[in-house]
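Descriptive analysis of the structure
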Amino acid sequence: AGFFEVSPSGNPENDWGPGPQDSPYRVQLLATSNQLRNMTVNVTYSANAGGPYNWTTGFDDNHDGIVNDRPDAIDLRTLRGAAQQTLNMRVQYAVAFANTGGAPIGQSRYRANVFVNVTNLTNHQNLGGYSGVETSPNFMQPTFVANPRKVDFGMTIGF
């Protein structure tokens, strides 16, 4: 449902509610450490409230030809999905080649970085795809899990 959706009641004044991206809270924390020589560790934590979605009957109750009708006394986007959170981590180690001048590795002409990047370190289930249709067997239930744990290994070479 977007900005140009036809009002189920026929009166746009009845269609005020949270916006599609409404979130009572969003939190993001980032910590970076380079306390070990040539190693950088980044940890990011993100959390946000679940997104709002509509509760609909699944029928054309007002006979306008559009199946977007809500039960009586149910406002726009009154349902909200589960909150989501993710903890990510990246560990990177730098190596210098032919660093004859003794310059810091980041300034060395020839260098390599080896890294591991872990998305959703704790493998927390971030549920989504909620159905707000009363007649659906998935009514008020999530239909997918977003961002399962993912581990990437890699290397970059600079010259």
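Please refer to the structure placed before this passage.
Now for a description of the structure that goes with this document. Every chain's residues receive numbers from 1 upward, in the order its sequence appears when written. Note on the predicted model: pLDDT of at least 70 is required for a residue's local features to be given, and 80 or more for side-chain atom pairs to be given and counted; whole-chain, interface and lining totals, by contrast, use all residues. Side-chain numbers come from the whole structure's heavy atoms, not from hydrogens or water.

**Some thoughts on the pattern of salt bridges**
The rule for a salt bridge is simple: a side-chain nitrogen of Lys or Arg has to be within 4 Å of a carboxyl oxygen of Asp or Glu. In total, this model carries two salt bridges according to the counting rule given. Here Asp-22 and Arg-80 are joined by a salt bridge, their closest N and O atoms 2.7 Å apart. Placement of the pair is Asp-22 in the segment before strand E1 (26–33) and Arg-80 in strand E4 (residues 79–80), with a sequence separation of 58 residues. Burial classes: relative accessible area under 20% of the type maximum marks a residue as buried, over 50% as exposed, and values in between as partly exposed (1.4 Å probe, protein chains only). When its relative accessible area of 32% is taken as the criterion, Asp-22 is described as partly exposed. We classify Arg-80 as partly exposed; its relative accessible area is 34%. Secondary structure is summarised from DSSP: a helix means a run of H or I of at least four residues, a strand means a run of E of at least two, and numbering begins at the N terminus for each.

**Describing the packing of aromatic side chains**
Ring pairs shown here join Phe, Tyr and Trp side chains whose ring centres sit within 6.5 Å, with only the six-membered ring taken for Trp; geometry is labelled stacked below 30 degrees between planes, edge-to-face above 60, and tilted in between. Going through the model one piece at a time under the given rule, you end up with two aromatic pairs. Ring centres of Trp-55 and Phe-139 lie 5.5 Å apart, and the angle between their planes is 55 degrees; on these two criteria the pair is classed as tilted. Remark: Phe-139 occurs in the loop between strand E7 (126–128) and strand E8 (144–146) and Trp-55 occurs in the loop between strand E3 (52–53) and E4; sequence separation between them is 84 residues. Relative accessible area serves as the criterion here: at 21%, Trp-55 is assigned to the partly exposed category. Note on criteria: charge over ring means Lys NZ or Arg CZ within 6 Å of the ring centre, with the direction from the centre no more than 35 degrees off the ring normal. Residue placement shows Arg-90 over the ring face of Phe-115; its charged tip is 4.1 Å from the ring centre.

**Some details on the sheet that holds E1**
Strands qualify as paired when DSSP identifies two bridges or more between them. The five strands lie next to each other as E1-E2-E5-E6-E9, forming an open sheet whose pairing is antiparallel. Looking along the sheet, the strands with just one partner apiece sit at the ends: E1 and strand E9 (150–158). Each adjacent strand pair in this sheet contributes to an overall mean axis angle of 15 degrees, direction not counted. Relative to E9, strand E6 (residues 110–119) is paired through nine bridges, and the arrangement is antiparallel. Among the inter-strand pairings, Val-114 is bridged to a residue of E9, identified as Met-155. Angles shown run from 0 to 180 degrees and are taken between the N-to-C directions of axes, each axis being a line fitted to C-alpha atoms and, for helices, limited to the stretch in contact.

**Overview of the pairing of E6**
Looking at chain direction, strand E5 (residues 84–97) and E6 are connected through nine bridges and run antiparallel. For Gln-92, the partnering residue across the bridge sits in E6 and is Phe-115.

**Here we look at a nonpolar patch on the surface**
Where nonpolar side chains cluster on the molecular surface, the patch consists of Phe-97, Tyr-110, Val-114, Met-155, Ile-157 and Phe-159 and spans about 680 Å² of accessible area. Of all the secondary-structure elements, those providing two or more residues to the nonpolar patch are E6 and E9. Inspection of the secondary structure assignment puts Ile-157 in strand E9. Here the term patch refers to residues with relative accessible area over 30% and no salt bridge, with like charges joined within 9 Å and nonpolar side chains (Val, Leu, Ile, Met, Phe, Trp, Tyr) within 5 Å. The Shrake-Rupley method, run with a 1.4 Å probe, gives the accessible areas here. Residue values count only the displayed protein chains as cover.

**Quick word on unusual backbone geometry**
One non-glycine residue, His-63, lies in positive phi territory at about 55 degrees. By the secondary structure assignment, His-63 is in the loop between E3 and E4. Of note, Asn-120 is a non-glycine position whose phi angle comes to about 60 degrees, a positive value. Its location among the elements puts Asn-120 in the loop between E6 and E7. Exposure remark for Asn-120: the relative accessible area of 0% places this residue in the buried category.

Shape descriptors only; they carry no functional weight alone.
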